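Residue strings, one per chain:
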Amino acid sequence: MPPHAPRRAALRAMLVEQDLDALLVTDLVNVRYLTGFTGSNAALLVAADPQRSTVFCTDGRYLAQAEAQVPDLERVIDRPCDLALAARAAKDGHGRVGFEGQHVTVDGLAALEQVVEGLVGASGLVERLRLVKDDAEVEALRMACAAADRALADLVEHGGLRAGRTEKEVARELEGRMLDHGAAGPSFDSIVAAGPHSAIPHHEPTDAVLKAGDLVKLDFGALVDGYHSDMTRTLVLGKAADWQRDLYDLVLRSQAAGRAALLPDADVRAVDAASRQVIVDAGYGPRFPHGLGHGVGLRIHEAPALSKSGEGTLSAGMAVTVEPGVYLSGKGGVRIEDTLVVRESAPELLTLTTKELVVV
Ligand code: ZN
Ligand code: ZN
């Protein structure tokens, strides 16, 4: 049974709660979440009353695709879709029509107001639904994480991580191997950072050559059915020095503390603090300059933010990353990141690659 109808039913309940007659959904990711449509242009008008028509709109390029992917909704072929559906909302007599203010420009709103009265800013409603993943979403995330796990295992097994290769070569091979394991593509630009570059949290791969004794930080993910995986592992080439082992052990303990704190009702700031405290206690607080993690799903970065400035509490079914790092400028850095799903008693780990220090 496709998951989209239950998602729209949950949204309708929110519309009733917000006293809205309809919601004009113009964010393409939200349209995909509510309908399954994967084309590049679409909008959706969701009526609060289940007896009223919920209308999907796309343009002529996607006629056949819309028939196949959205067979269960009334379809309109027109453009621009937002104005076509706004006119439909007026025709259907909807009094209070919510729109996604965070995705509408000032000019776009002016154009909408020419077509329909009673527009009400209603940002973040679908995003709130997307916080808690349903079974279909977790399964897609699981497959995305498995593709990344297998790609890294293949890379190491086939000698892809070795002195003499460049960061760019390793990134390309890793991304190719994710495709081999079912990914539609990488879920973001892969980070391959060797030696001193590993101390740069978001380093772009360069032509720098990997050397024996380097820490090599790999932060990458796979895209499957629109869902993004996100994993970081830091390995050592050749032989690990004592300082590298110590640094690795510290980050590993911090990461374990963060994972252990991932429970329903936990404050997102408390989860960040649980992991961060381990690093602060070791005297490296300032060397961990970013948040602990982020939600992940149809976007690589989505709510909730696990950080000092984050807000709210966790619920079972949320998918998040836990990714502490310590970066010693000019020397090297370690980050360890998993993608997990919050569950009642303990989180479900989706990225299954070992977190023991791997020396290749
Ligand atoms: Zn990452
Ligand atoms: Zn991440």
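Below: a short report on this structure. (Residues numbered from 1 in each chain as written. Chains lettered and ligands numbered in written order. Predicted model: local features only at pLDDT ≥ 70, side-chain atom pairs only at ≥ 80, totals over all residues. Heavy atoms only, no water.)

Right, let's talk about the overall build of the protein for a bit. Across its full length, the protein holds 10 helices and 19 strands. Relative to the 2.2 N^0.38 estimate, which gives 21 Å for 360 residues, the radius of gyration of the protein is 23 Å and therefore close to what a compact globule would have. Over its C-alpha atoms, taken along the principal directions, the protein stretches across nearly 70 × 40 × 40 Å. Going through the 360 residues of the protein one by one, you find that 51% of them count as buried. A fraction of 66% describes how many contacts in the protein between residues 6 or more apart in sequence connect residues 24 or more apart. Surface accessibility of the protein: about 15100 Å² in total, with carbon and sulfur atoms responsible for 52%. (Helix = DSSP H or I, 4+ residues; strand = E, 2+ residues; numbered from the N terminus. Rg over C-alpha atoms; globule rule 2.2 N^0.38 Å. Buried < 20%, exposed > 50% of the residue type's maximum accessible area, 1.4 Å probe, protein only. Contact = heavy atoms within 4.5 Å. Areas by Shrake-Rupley, 256 points an atom, 1.4 Å probe, with all protein chains shown as cover.)

Moving on: the pairing of strand β9 (residues 215-220). Burial runs high along β9: six of the six residues are buried. What you see with β9 is no split at all: Leu-215, Lys-217 and Asp-219 on one side and Val-216, Leu-218 and Phe-220 on the other are buried throughout. Across four bridges, the pairing between strand β8 (residues 191-194) and β9 is antiparallel. Across the sheet, Val-192 pairs through a bridge with Leu-218, a residue of β9. (Pairing = 2+ DSSP bridges.)

Along strand β2 (residues 42-47), six of the six residues are buried, which leaves the element largely enclosed by surrounding structure. Both faces of β2 are covered, namely the face carrying Ala-42, Leu-44 and Val-46 and the face carrying Ala-43, Leu-45 and Ala-47. As paired strands, strand β1 (residues 22-25) and β2 are joined by four bridges and run antiparallel to one another. Directly across from Leu-23, in β2, lies its bridge partner Val-46. Bridge count between β2 and strand β3 (residues 55-58): four bridges; the pairing is antiparallel. Along β3, the bridge assignment pairs Leu-44 with Phe-56.

The next point concerns the packing of aromatic side chains. Counting across every chain of the model gives two aromatic pairs. On the numbers, 4.9 Å between centres and 65° between planes, the contact of Phe-37 with Phe-56 is edge-to-face. Highlighted residues: Phe-37 in the loop between α2 (28-35) and β2 and Phe-56 in strand β3, separated in sequence by 19 residues. The same class applies to Phe-37 and to Phe-56, which are both buried. Centroid distance Phe-37 to Tyr-62: 5.5 Å. Interplanar angle 90°. Geometry classified as edge-to-face. Here Phe-37 is found in the loop between α2 and β2, whereas its partner Tyr-62 is found in the loop between β3 and α3 (63-69), with 25 residues between them in sequence. Relative accessible area serves as the criterion here: at 13%, Tyr-62 is assigned to the buried category. (Phe/Tyr/Trp six-rings, centres within 6.5 Å; stacked < 30°, edge-to-face > 60°.)

Our next topic: the coordination of the zinc ion (ligand 2). Note on the zinc ion (ligand 2): its protein donors are Asp-230 (OD), His-294 (NE2), Glu-323 (OE) and Glu-337 (OE). The metal-donor distances range over 2.1 to 2.2 Å. Positions of the donor residues of the zinc ion (ligand 2), expressed as sequence spacing, correspond to D-x63-H-x28-E-x13-E. (Donors = N, O, S within 2.8 Å, 3.2 Å for Na, K, Ca; no water.)

So, about the sheet that holds strand β11 (residues 227-228). If you walk across this open sheet you meet the three strands as β7-β10-β11, and the pairing is antiparallel. Each end of this open sheet is capped by a strand with a single partner; those strands are β7 (185-186) and β11. Where β7 lies against strand β10 (residues 222-224), two bridges are found, and the strand directions are antiparallel. The residue bridging Pro-186 from the neighbouring strand is Ala-222, located in β10.

Looking at the metal site, the zinc ion (ligand 1) is ligated by Asp-219 (OD), Asp-219 (OD), Asp-230 (OD) and Glu-337 (OE), spaced 2.0 to 2.6 Å from it. Given four donor atoms and angles of 55 to 152° at the metal, the environment of the zinc ion (ligand 1) is assigned as irregular. Separating the zinc ion (ligand 1) from the zinc ion (ligand 2) is a gap of 3.1 Å, which Asp-230 spans by donating to each of them. Of this pair, Asp-219 sits in strand β9 while Asp-230 sits in the loop between β11 and β12 (231-236), and the two are 11 residues apart along the sequence. There is no split in this pair, since Asp-219 and Asp-230 are both buried. (Tetrahedral: all angles 85-135°; square planar, octahedral: opposite > 155°, others 65-115°.)

Backbone phi values are negative for most residues with the exception of glycine, while trans is the configuration of most peptide bonds. Omega for the peptide link from Arg-79 to Pro-80 comes to -5°, which places this bond in the cis form. For the bond running from Ala-303 to Pro-304, omega is 0°, close enough to zero to count as cis. Within the fold, Pro-304 resides in strand β14 (residues 302-306). In this structure, Asp-225 takes a positive phi of about 50° despite not being glycine. Along the polypeptide, Asp-225 turns up in the loop between β10 and β11. At Asp-265, a residue that is not glycine, the phi angle is positive and equals roughly 75°. Here Asp-265 shows up in the loop between α9 (242-260) and α10 (268-281). Judged by relative accessible area, Asp-265 falls into the exposed class, the value being 63%.

Keep in mind these numbers describe shape, not what the thing actually does.
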